[in-house]
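So the chains spell out like this:
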Amino acid sequence: MYNHQKIEKKWREIWADSGLYKTGEDFSKPKYYVLDMFPYPSGVGLHVGHPKGYIATDILARLRMMQGYNVLHPMGFDAFGLPAENYALKNKLHPQKATETNIAAFKKQLAVLGFSYDWAREVITTDPQYYRWTQWIFLQMWKKGLAFESHEPINWCPSCQTGLANEDLEEGKCERCGSEVEQRPLRQWVLRITEYAERLLNDLEKLGGWEESIKEMQRNWIGRSEGAEIIFRVEAEAVADESVVKVFTTRLDTIFGCTYVVLAPEHKLINELKKRISNWPAVEEYIAAAKNKTDLQRTDLNKEKTGVILEGVKAINPFNNEPVAIFVADYVLNSYGTGAIMAVPAHDERDYKFAEKYGLEFRTVVINGLLQDSGEFSGLSSAVAVKKMIAWLEKKKLGARKTNYKIKDWVFSRQRYWGEPIPLIHCSECGVVPVPEKDLPVRLPEVDSYEPTGTGESPLALIDDWVNVKCPKCGGPARRETNTMPQWAGSCWYYLRYIDPNNDRELTDKAKEKYWSPVDFYVGGAEHATRHLIYARFWHKVLYDLGVINYEEPFIKFKQVGLIIGADGRKMSKRWGNVINPDDMAEKFGADALRVYEMFMGPFEQAVVWNTAGLVGTRKFLEKVLNLAEDPETMPAAKNIIASDNKKLLSLLHKTIKKVGEDIENFNFNTAVSALMILINELTDYKNKNRSLPFGVEEFRQVLKILAPFAPHLAEELWEKSGGSASIFRSTWPKYDREMIKDETINLIVQVNGKLRATWEVAADISEKEAWRMAQENENIRKWLAGKEIVKNIFVPGKLLNIVVK
RNA sequence: GGUCCAGUGGUGGAACUGGUAUACACGCAGCACUUAAAAUGCUGUGCCCAAAAGGCGUGUGGGUUCGAGUCCCACCUGGACCACCA
C-alpha cells in the first residue's frame, strides 16, 4: 500500500529538522550553483506549470549533492512592481500586506513538492536590507553617468499611469494590462544600456551553455547594424542657411538613387526651419495628427504611408550636390538612427511605397551588385563602393561610419508606489545630489493612499514629510526624487545576494562570490530572454567594471522551460477554468508522482498539454518500485545472488545508471524516466516469475539512488527500510561499470540492398567472414540473393551486414 | 517582412556521430481473477493482406548514399521572438 501522504509528510519534516539542505560552507569542495528564476508572488497562486522548472533544478541539485558538490540551490521572491501593486489595489490591501500573504501562500505550495531549497538564504526584493543594495548599485551607475535624467517622450500606459520601457511593450500595448501605449514627454531616469550594447552582443559568444535560439533573440533585440551617417546641407530658397540634416543608412552604395529626404514628425529640425517652410500650416497639422496616433496605429504595417512635403527647403546630397525634396512622414521613427533618412525608392520597399503614392522619382543605381549612374563610384561592387564612399565622406567631413542599435536606453523610473525609491535628492542650489551611502536604504514610506496620481508624478510626491529633506551637500531645503524603480530592478542582481544574503557591509562578499559565482545552471521562461536576461547581464557587467565582482557573465548555462498547457489546449488561466493546482495533484497522487510526471511529459523546453491520466501512469510506476521493496523476503542479501542468472539485469542496471546520470545533465528528463521505467518493469517481471528480486540489497539501493532525485520522498523511505541510517542524499551517486554495460550478444541486422531481411542474435564480436557465412546458409537470405550478382558487402562490426546486389 | 525552431501511430513522445522507425507512457481491444464491477496481472495494438511471406510507411517533391526520421535543395504547414529599425 503506497501511502504517499504519510511518507511525504514524514520526510519533509525530517529534512527540515536535520538541516539536510543547508548550503555547504567548505570552500575546498567543488561548488555547483543551480538557480531558478524567482517568482512574483501573485495572488492567484501556482498552477502545475510553475513548478516544472523548479522540479528540474531540484533534480539537478540532488544529483550534484550526491556527486559530492557543495550545492547552492536557493529560492526567493521578486515582489516589487506593477503586478503586486495592481493586485493590492484590486483587493484593497496594502501592497506590503498583499506581498506577505502571497509569499506565505507560495511557500506553502512549494513546500508540498519537497524541494531542496536552503530557505535560510531566501531573498525578497522588497526587504529594505535587500533594496538597500539595489539603490546602492543605482547610485554607482549615477556616479558613472550610466543613469541620467531625460525629458524625451516615452511610452506611457494610461491605465497603469506610468512610463514604461520598450521591453515592457507587446505589439505597442502595455504588457501588463493590454492598454495601448501613448508617447508622453516626461521627466525620467534612464539607464545607458546602449553603452554596453556591443559587449552584451559580443559576449554572447562566450555563452556556450546557452541555447542558440535564446542568444539569437538577444542579438535581434540588441539589433546591431552597421552603416554610415551622412550630412545633408539644408538650403532654403530665399535665405542662405546653416542648417544640416544627418541621416543614417546601411545602404550607402545607393546614395546616388536618393530622390528625397524624410524627417520623423518629432524631428527638431522641422521647428528650426519653421520660418523657411512656406506650407507651415499643413506641416503643423500633419505633425499634430501623428502625435495623436497611438504607437500601434503608427507602426501598423498595413497602413498607407503618409507625409507632407516641406515647401521652400531642399536637402543637398553631398555626393552629387543635387537638391532633393524634404518630407515629414511618420514612417520614419525619431527614436532610431538620426530620426531622418535618405529615401531611395528604387532600393527600399518603404521608400518605394511612399514614392509611388506621391509620384516621386525612382533611380536605379545598383544592378547585380554593381553600381551605375553613381559618378566616380560607377562600376564598383556594393561592398567596395561603401568602403570608398565612407573614406570620401570622412575626408570631406561630411559623414562617418556609424553603428546603430535597436536596443534603446532603459527607461528606469515608474510613477508608482510599489518599487524601490530612487536614492537621489533635488536641491535648488546643488542640483541632483545622491543620498549618502550611509543613509541607505531610502525606505518606502508607510502611506494610506498609494494609488497612482496619473499626473506623471509618483504617489510619493504627495507625502510632504518624506519628500522634503535637507540637501546632503549644502544643508538647504531639498526634495527627494519621487519616482520608483521598475519591477525588473530587483531581479537584476538577486543571484549575487543568495551567495551572501545577510551581509550588511557590501552587496556580497567578494571571496564568497569568487567561490560561488557564476551561476552554473539557470532555468526559467523564454519570455525573459530579451528582458530580465539582458538587464541582468547589463548590471552584472557594470558591477564587474566597478570591481565589485569577479566574473564578467552571470549565467554559464541557461535552459528555458516549456509551458504546461491546459487540457483544452489553452494557457492555464482562471478565465478558462482549466487550471490544475499542484497541491491537489500532490495530495491525490503524491508529490513524487507529480514530479516524475512533469519530467516525463515531454522534452523539457517544449510546451506540453496537461493530462491527468498520464499522472496515473507515473503513480503506478512508483507503486511498482514500492512493491519491489515491500516484502523483505524478496530482497536477498547480495552474497546469495547467483550471478549467471542476473548478468543481464545487472548489465541493465549499469546501463540505466549511466543513462539517468547523463540525461539529467543534459536535461533529457523524459528519457531518464523512461529508462527507470524499463529497469523497474524488468525487475518486477523477474520478481513475479521467481518470487524474489534478481539481486541483493546493495544493488537495489543503487536503483533507489538513481530514482531519488526524481522521487525523493519514496526513495528516502525505501532507503531507510533497506537499512540506510543517514539520508540517501548523503550517499554517493553510483558509478557504472564499463565492463558491465558491454553486451555479449547483439542483434545483427542483415540487409539486402539496405532492406531488412533478417536479424540474428549473435556474439557481439562476430566477424564479417562469419556473418557472411551465416547469410549464405540462411534460406531467406538466399532467396533474395538468387539470380543476382553480388556487388559488395557492407559490414559494420557489432551492428549490421548489408549485401549489395545487382 | 526578418531571425530561429518544429512537423513521426488514436494521443504525449523515443531513435547515439546516417545503420532494426514508433522505446516509454496514455488510450483502446481481448483474456485471467471476480457473482459482478473496480483494482491488478497477462496478451495484442502503424497501414494493406485470413495468416505466413511480402508490400507501404516519419508534412510534400527532388537529391546524395550500400543504407535517410536523421544530410542537401525547393516547397507546404505550425510555433516562438522581432518588426515602417532605414
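Quick caveat: nothing in here was measured; it's all calculated off a predicted structure. (Residues numbered from 1 in each chain as written. Chains lettered and ligands numbered in written order. Predicted model: local features only at pLDDT ≥ 70, side-chain atom pairs only at ≥ 80, totals over all residues. Heavy atoms only, no water.)

Caption draft 1: Expanded view of the pattern of salt bridges. Taken as a whole, this structure holds 54 salt bridges when the rule is applied. For Lys206, the salt bridge identified is with Glu552, shortest N-O distance 3.8 Å. Linking Lys206 in the loop between helix 6 (197-202) and strand 12 (209-210) with Glu552 in the loop between helix 16 (532-546) and strand 28 (557-560), this pair joins segments that are 346 residues apart in sequence. By relative accessible area, Glu552 is classed as partly exposed at 23%. The residue Glu623 makes a salt bridge to Arg619 at a minimum N-O spacing of 2.8 Å. Residue Glu623 and its partner Arg619 are located together in helix 19 (residues 612-630), separated by 4 residues, close to a single helical turn. Here Glu623 falls in the partly exposed class, since its relative accessible area comes to 28%. Connected through shared salt-bridge partners, Arg199, Asp203, Lys206, Arg537, Lys541, Asp545, Glu552 and Glu553 make up one network. (Salt bridge = Lys/Arg side-chain N within 4 Å of Asp/Glu carboxyl O. Helix = DSSP H or I, 4+ residues; strand = E, 2+ residues; numbered from the N terminus. Buried < 20%, exposed > 50% of the residue type's maximum accessible area, 1.4 Å probe, protein only.)

Caption draft 2: Molecular detail of the sheet that holds strand 7 (residues 162-164). Taking strand neighbours across the sheet as the criterion, the 3 strands line up as 7-6-10 in an open arrangement whose pairing is antiparallel. Strand pairing shows two members of the sheet lacking a second neighbour, strand 7 and strand 10 (182-185), which therefore form its edges. Ignoring which end each strand starts from, the neighbouring axes of this sheet average 55° apart. (Pairing = 2+ DSSP bridges. Axes fitted to C-alpha atoms, helices over the stretch in contact; angles between N-to-C directions.)

Caption draft 3: Inspection of the protein's contact with RNA strand B at higher detail. In the vicinity of RNA strand B, 52 residues are found, and the nearest of them are Lys303, Lys305, Arg350, Gln606 and Asn802. Within 4 Å of the protein, the atoms of RNA strand B are drawn from sugar and phosphate moieties in a proportion of 64%. In the environment of RNA strand B, a phosphate oxygen lies 3.5 Å from a nitrogen or oxygen atom belonging to the side chain of Ser225. The side chain of Ser674 places a nitrogen or oxygen atom 3.5 Å from a sugar or linking oxygen of RNA strand B. When residues in the surface near RNA strand B are grouped by element, the largest group, 7 residues, is from helix 21 (residues 669-690). Among the residues forming the surface near RNA strand B, the class breakdown is 20 nonpolar, 18 polar and 14 charged. (Near = heavy atom within 4 Å. Polar contact = N/O pair within 3.5 Å; in protein donor to acceptor, adjacent residues only side chain to side chain. Nonpolar A, V, L, I, M, F, W, Y, C, P; charged D, E, K, R; others polar.)

Caption draft 4: How the structure looks around the state of the cysteines. Counted according to the given criterion, the structure contains 0 disulfides. Cysteine Cys430 remains unbridged, with the sulfur of Cys474 as its closest cysteine sulfur at 3.6 Å. Note on Cys430: relative accessible area 26%, which makes it partly exposed. Cys492 forms no disulfide, and the closest cysteine sulfur to it belongs to Cys174, at a distance of 19 Å. (Disulfide = S-S within 2.5 Å.)

Caption draft 5: Looking closely at the environment of Glu682. Mapped onto the elements of the fold, Glu682 is located in helix 21. Of the residues examined, Glu682 reaches a relative accessible area of 40% and is grouped as partly exposed. Measuring from C-alpha to C-alpha, the distance between Glu682 and Cys427 comes to 78 Å, with 255 residues separating the pair along the chain. Residues contacting Glu682, with those up to four places away along its chain left out, are Leu649 and Leu652. (Contact = heavy atoms within 4.5 Å.)

Caption draft 6: Structural context of the pairing of strand 13 (residues 224-236). As paired strands, strand 13 and strand 21 (residues 399-405) are joined by 7 bridges and run antiparallel to one another. By the bridge assignment for strand 21, Gly227 is matched with Lys402. Relative to strand 16 (residues 308-317), strand 13 is paired through 4 bridges, and the arrangement is antiparallel. Bridging across to strand 16, Arg233 finds its partner in Ile316.

Caption draft 7: Representation of the side chain of Asp592 in the model. Among the structural elements, Asp592 can be located in helix 18 (residues 591-600). Although Asp592 is buried, it makes no salt bridge; Arg595 carries the closest opposite charge, 4.6 Å away. A polar side-chain atom of Asp592 sits 2.8 Å from a polar atom in the side chain of His713. (Lys, Arg positive; Asp, Glu negative; His and termini not counted.)

Caption draft 8: A look at the side chain of Thr656. Considering the arrangement of structural elements, one finds Thr656 in helix 20 (residues 643-665). Taking relative accessible area as the criterion, Thr656 reaches 3% and is therefore assigned buried. The contact partners of Thr656, leaving out residues within four places of it in the chain, are Ala675, Leu676, Leu679 and Ile706.

Caption draft 9: Structural detail: the packing of helix 22 (residues 697-707) against helix 23 (residues 712-721). Where helix 22 contacts helix 23, the two axes come as close as 9 Å, and the packing angle between them is 160°. Compared by their axis directions, helix 22 and helix 23 come out roughly antiparallel. Crossing hand, helix 22 versus helix 23: left-handed. Residues Arg701, Leu704 and Lys705 of helix 22 touch helix 23, and the partners they reach there are Ala715, Leu718 and Trp719. Along the lines of polarity and charge, the residues of the contact of helix 22 with helix 23 split into 4 nonpolar, no polar and 2 charged. (Parallel < 35°, antiparallel > 145°, perpendicular 65-115°, else oblique. Left-handed = near helix turned anticlockwise from the far one by under 90°.)

Caption draft 10: Quick peek at helix 7 (residues 212-222). The set of residues buried in helix 7 consists of Ile214, Lys215, Gln218 and Ile222. Each buried residue of helix 7 lies within a common arc of 100° when the element is viewed along its axis, so the set occupies one face. Its buried side turned inward, helix 7 meets helix 6, strand 12, strand 13, strand 21, helix 16 and strand 28. Trailing helix 7 by a residue or two, Gly223 shows a phi angle of about 60°, which is positive. (Arc of directions from axis to C-beta.)

Caption draft 11: Highlighting the sheet that holds strand 27 (residues 521-524). Strand order in the open sheet made by the 5 strands is 2-1-27-28-12, with parallel pairing throughout. In this open sheet, the two edge strands, each paired with only one partner strand, are strand 2 (70-72) and strand 12. As paired elements, strand 1 (residues 31-36) and strand 2 share 3 bridges and run parallel to each other. Following the sheet pairing, Tyr33 is matched in strand 2 by Leu72.

Caption draft 12: The packing of aromatic side chains, seen in detail. Across all of its chains, the model carries 50 aromatic pairs by this definition. A centroid spacing of 4.1 Å and a plane angle of 10° characterise the contact between Phe27 and Tyr515, whose relative ring orientation is stacked. Of the two residues, Phe27 sits in the loop between helix 1 (4-18) and strand 1 while Tyr515 sits in helix 15 (residues 510-516), which places them 488 residues apart along the sequence. Given the relative accessible area of 34%, Phe27 is considered partly exposed. Here a set of aromatic residues connected by ring pairs shows up, and it is made of Phe38, Trp210, Tyr494, Tyr495, Tyr498, Tyr522, Phe555 and Phe558. Directly above the ring of Phe729 sits Arg62, whose terminal nitrogen or CZ lies 4.5 Å from the centroid. The ring of Trp719 carries the charged tip of Arg701 above its face, separated from the ring centre by 4.0 Å. (Phe/Tyr/Trp six-rings, centres within 6.5 Å; stacked < 30°, edge-to-face > 60°. Lys NZ or Arg CZ within 6 Å of the ring centre and 35° of its normal.)

Nothing here speaks to function; it is geometry throughout.
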